[in-house]
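Each chain is listed here by its residues.
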Amino acid sequence: MGKIGIIKDMKTSNKFTLARLISAPVLFFIYFCPEWLGAKDGSLLSIISVCLMIPLLALSELTDYFDGNYARKNNEVSDFGKMFDPFADVFLHMSMFTCFVFSGYMPVIFYVLIFYREFGQNFLRMVAAKKGTAIAARKGGKLKTVFYVVSCFVALAQEGMYRLDLVRLLGKYGDDVMRYARYTGYGFFAVCVLLAYISFVDYLKNFGSLLKDSV
């Protein structure tokens, strides 16, 4: 009852953020479920998994808009929300990136670099919170998140091509199409890494003094 009460008492904006947090493991499970059960491409389970993942991921990403919109509209902006929102973003996107690394759509080196960046950013936020400052998302961080979202859908579209068995329908052109699609996906993830570190430098520039004071 206590846990249910906490959720019930949450502000509407934070409930949207919580929904994004919960969707991460759900998407992870749906993504790997066909593989764990030995389902082949074109099978009913593979098709259902794609048909579930695409709208679920889209709804999850939309909660990022809704939580901010409701927070401003209902005057629910809080220090907790400023930290909870980016945490949920990272939780969701790193979960999806893990799926794409295992499937080969995201280079491991890109994943590791983003992993380091996000943990570094998380550490900065913890230090700032201890100093009484809640670091909200800045424009650079928001742009980075946009590319995270786009890259996720580019990679998921590639996986969908296989699970829906559309690659086979393309015949002799199938392998070439997927090869170019994979290179395109790599390009998006490369931009993600670049924007991630550019925005991180921006955060350090504006909040690095908090680290210096703590040391």
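Scroll up to find the structure this text is about.
Residues numbered from 1 in each chain as written. Predicted model: local features only at pLDDT ≥ 70, side-chain atom pairs only at ≥ 80, totals over all residues. Heavy atoms only, no water.

(A) Representation of the packing of helix H2 (residues 12–36) against helix H4 (residues 79–103) within the structure. Following both chains from N to C, one finds H2 and H4 inclined at 10°, their axes separated by 9 Å at the closest point. Considering the angle they form, H2 stands roughly parallel to H4. When the residues that make up the contact of H2 with H4 are grouped by side-chain class, the tally is 18 nonpolar, 7 polar and 3 charged. (Axes fitted to C-alpha atoms, helices over the stretch in contact; angles between N-to-C directions. Helix = DSSP H or I, 4+ residues; strand = E, 2+ residues; numbered from the N terminus. Parallel < 35°, antiparallel > 145°, perpendicular 65-115°, else oblique. Nonpolar A, V, L, I, M, F, W, Y, C, P; charged D, E, K, R; others polar.)

(B) Highlighting the packing of aromatic side chains. Using the criterion set out here, one finds 17 aromatic pairs in the structure. Aromatic pair Phe28 and Phe32: ring centres 4.9 Å apart, planes at 55°, arrangement tilted. Pair noted here: Phe28 and Phe32 are both in helix H2, with a separation of 4 residues, about one helical turn. Ring centres of Tyr31 and Phe100 lie 5.9 Å apart, and the angle between their planes is 80°; this geometry places the pair in the edge-to-face category. Of this pair, Tyr31 sits in helix H2 while Phe100 sits in helix H4; the two residues are 69 residues apart in sequence, bridging distant segments of the chain. Classification of Tyr31 as buried rests on a relative accessible area of 1%. One aromatic cluster is present, formed by Phe28, Phe29, Tyr31, Phe32, Trp36, Phe100 and Phe102 through successive ring pairs. Its guanidinium or amino end placed over the ring of Tyr180, Arg179 lies 5.7 Å from that ring's centre, counting from NZ or CZ. (Phe/Tyr/Trp six-rings, centres within 6.5 Å; stacked < 30°, edge-to-face > 60°. Buried < 20%, exposed > 50% of the residue type's maximum accessible area, 1.4 Å probe, protein only. Lys NZ or Arg CZ within 6 Å of the ring centre and 35° of its normal.)

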